[in-house]
Amino acid sequence: MVRVIGHVDLDYFYAQVEEVQSPSIKGRPVLVCVFSGRTEDSGVVSTANYEARRLGIGSGMPIALAKKKLKGVAGAVIPMHRERYEAVSEEIMRLVGGRVDVLEQTGIDEAFFDITKSSNGDYSAARNTAAGIKAAILKSQGLTASIGLGRSKIVAKMASDFVKPDGLTVVTPDSTTDFLTPLPVIRLYGVGPKTSQALEELKIHTIGDLATSDITDLEPRFGRKVSAYLLQAAKGEDEDPVTERQETTQFSRIITLKQNTKDANAAFKELLPAIEELHQRLLSKGISFRTLSTIGILTDLSTRTKTKTFESSAESLLVRKNEILTLLQELTGAIDKELRRVGIRVSGLSDTESQTSLTQFY
DNA sequence: GTATGCTTTCGGC
DNA sequence: TTACGGCCGAAAGCATAC
């Protein structure tokens, strides 16, 4: 049976949650910001609403620059409230999950879903389901979302991106080629500015150009695997199934240092509260880890990591304090620029309880 | 060559 | 004139074992 895949994307999510929380800011530019604490305005914009975007403000923009673009306009510059967004997201995902066959959450504000069975392969029935999901999200949390339907994840994702905010775009299997063909390659999922520019140089401008291009023209530039992906994607033919997301595979904390340094001890000291927070998070979730990484972001914003995997997993980050410091020393020893930000990551996760019972069993 | 596991980097939101 | 987070998953890169 032809699949019916959906992609739901909550519109300008963090900023929209803030609008619902504080209705008086609606209609004004809203900037949800991450303040790093180094200076009053150091940090970046995480999410901007559409009024702010119209002024040229967007994600990742330094706060100081964004404020400049506000000029005299009375914008709402709000620090982000991550836990609030997580709670809203959780509620919405639960709600959507109850209306689809399979839900695959891919971020705090988006998810793929499969409704092949419940819609019986009928795209008209599927449209009603999608409209119902939008209505339910609006009723429950007061938020708009954009949904796309298509025969594959790629098509669904591009469809949800086609009309937003508050969009509902249905691309039937028959209309897939017509939908994709005229779009510029930059719109293709997985194609960023770099790949896009390389394709332009091969005179491939639209997804249609890409779909009908010769793989032997692509391979010298992109390699076999990427070329095959690009061709497949341009035809909207990916077979990637929608699967329930397994548990989180890694946890990390990263901070911006008060001042740049190459001193591992100084960085460690400033990182300690974040380490303790992550420690508490692991304990409260009953999670052990086997792999430990330190992360450094240098003054040029490039990233360096040092990682160590242990024989057995630990439930306490604090008993690995010495290893953390050692990794930080290895990291600082291998760089020529100063550290601007520093962080810690744990992976190779396992459930502490089941591990304990396994240990008892053996 | 293939499978596997670990480390590092990349890119999305 | 410049300005610059904090997460996450996955891909890429590399080594080892068979």
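Residues numbered from 1 in each chain as written. Chains lettered and ligands numbered in written order. Predicted model: local features only at pLDDT ≥ 70, side-chain atom pairs only at ≥ 80, totals over all residues. Heavy atoms only, no water.

Draft legend 1. Structural view of helix 6 (residues 153-162). Of all ten residues making up helix 6, eight are buried, and the element is well covered by its neighbours. Those residues of helix 6 not exposed but buried are Lys-153, Ile-154, Val-155, Ala-156, Lys-157, Met-158, Ala-159 and Ser-160. (Buried < 20%, exposed > 50% of the residue type's maximum accessible area, 1.4 Å probe, protein only. Helix = DSSP H or I, 4+ residues; strand = E, 2+ residues; numbered from the N terminus.)

Draft legend 2. Structural detail: the protein's contact with DNA strand B. Inspection of the region around DNA strand B gives 13 residues, with Asp-109, Lys-157, Arg-290, Thr-307 and Thr-309 positioned closest. For DNA strand B, the backbone makes up 92% of the atoms found within 4 Å of the protein, where backbone means sugar plus phosphate. Contacts to DNA strand B include Asp-109, whose side-chain N or O atom sits 2.9 Å from a sugar or linking oxygen. One of the backbone N or O atoms of Thr-305 is found 3.5 Å from a phosphate oxygen in DNA strand B. For the surface near DNA strand B, the element with the highest residue contribution is strand 11 (residues 303-314), accounting for seven residues. (Near = heavy atom within 4 Å. Polar contact = N/O pair within 3.5 Å; in protein donor to acceptor, adjacent residues only side chain to side chain.)

Draft legend 3. Broad picture of the protein's contact with DNA strand C. In the neighbourhood of DNA strand C, 25 residues make up the surrounding shell, with Ser-252, Arg-253, Ile-254, Thr-256 and Arg-340 lying closest. In DNA strand C, atoms within 4 Å of the protein come from the sugar-phosphate backbone in 65% of cases. One of the side-chain nitrogen or oxygen atoms of Ser-36 is found 3.3 Å away from a phosphate oxygen of DNA strand C. A distance of 3.4 Å separates a base nitrogen of DNA strand C from a polar atom in the side chain of Arg-341. Breaking the surface near DNA strand C down by element, the ones donating at least two residues are strand 3 (43-48), helix 3 (63-70), strand 9 (250-261) and strand 12 (339-347). Counting residues per element, the surface near DNA strand C draws most heavily on strand 9, which supplies seven residues. Here the surface near DNA strand C is built from residues that sort into nine nonpolar, ten polar and six charged. (Nonpolar A, V, L, I, M, F, W, Y, C, P; charged D, E, K, R; others polar.)

Draft legend 4. Quick peek at the side chain of Lys-134. Counting through the fold element by element, Lys-134 comes out in helix 5 (residues 123-141). Judged by relative accessible area, Lys-134 falls into the buried class, the value being 13%. Residue contacts for Lys-134: discarding those within four places in its chain leaves Ala-145, Ile-147, Asp-166, Gly-167 and Leu-168. (Contact = heavy atoms within 4.5 Å.)

Draft legend 5. Molecular detail of the pairing of strand 6 (residues 110-114). Across the five residues that make up strand 6, a large majority, five, are buried. Across the two faces of strand 6 the burial is the same, with Glu-110, Phe-112 and Asp-114 and Ala-111 and Phe-113 all buried. Examined bridge by bridge, strand 1 (residues 5-10) and strand 6 share five bridges and lie antiparallel to one another. Of the residues in strand 6, the one forming a bridge with Gly-6 is Phe-113. As paired strands, strand 5 (residues 102-107) and strand 6 are joined by five bridges and run antiparallel to one another. Note that in strand 6 the partner of Val-102 across the bridge is Asp-114. Linking strand 5 back to strand 6 in an antiparallel pair, the connection comprises two residues. (Pairing = 2+ DSSP bridges.)

Draft legend 6. Quick peek at helix 8 (residues 193-201). For helix 8, every residue scored as buried is listed here: Thr-195, Ser-196, Ala-198 and Leu-199. Take helix 8 and look down its axis: the buried residues cluster within an arc of 165°, on one side only. For helix 8, the exposed residues lying more than 90 degrees away from the buried face are Pro-193, Lys-194 and Gln-197. Looking at the buried residues of helix 8, the elements they touch are helix 9 (207-211) and helix 10 (215-234). Note on helix 8: the residue one or two positions beyond its end, Lys-203, has a positive phi of about 65°. (Arc of directions from axis to C-beta.)

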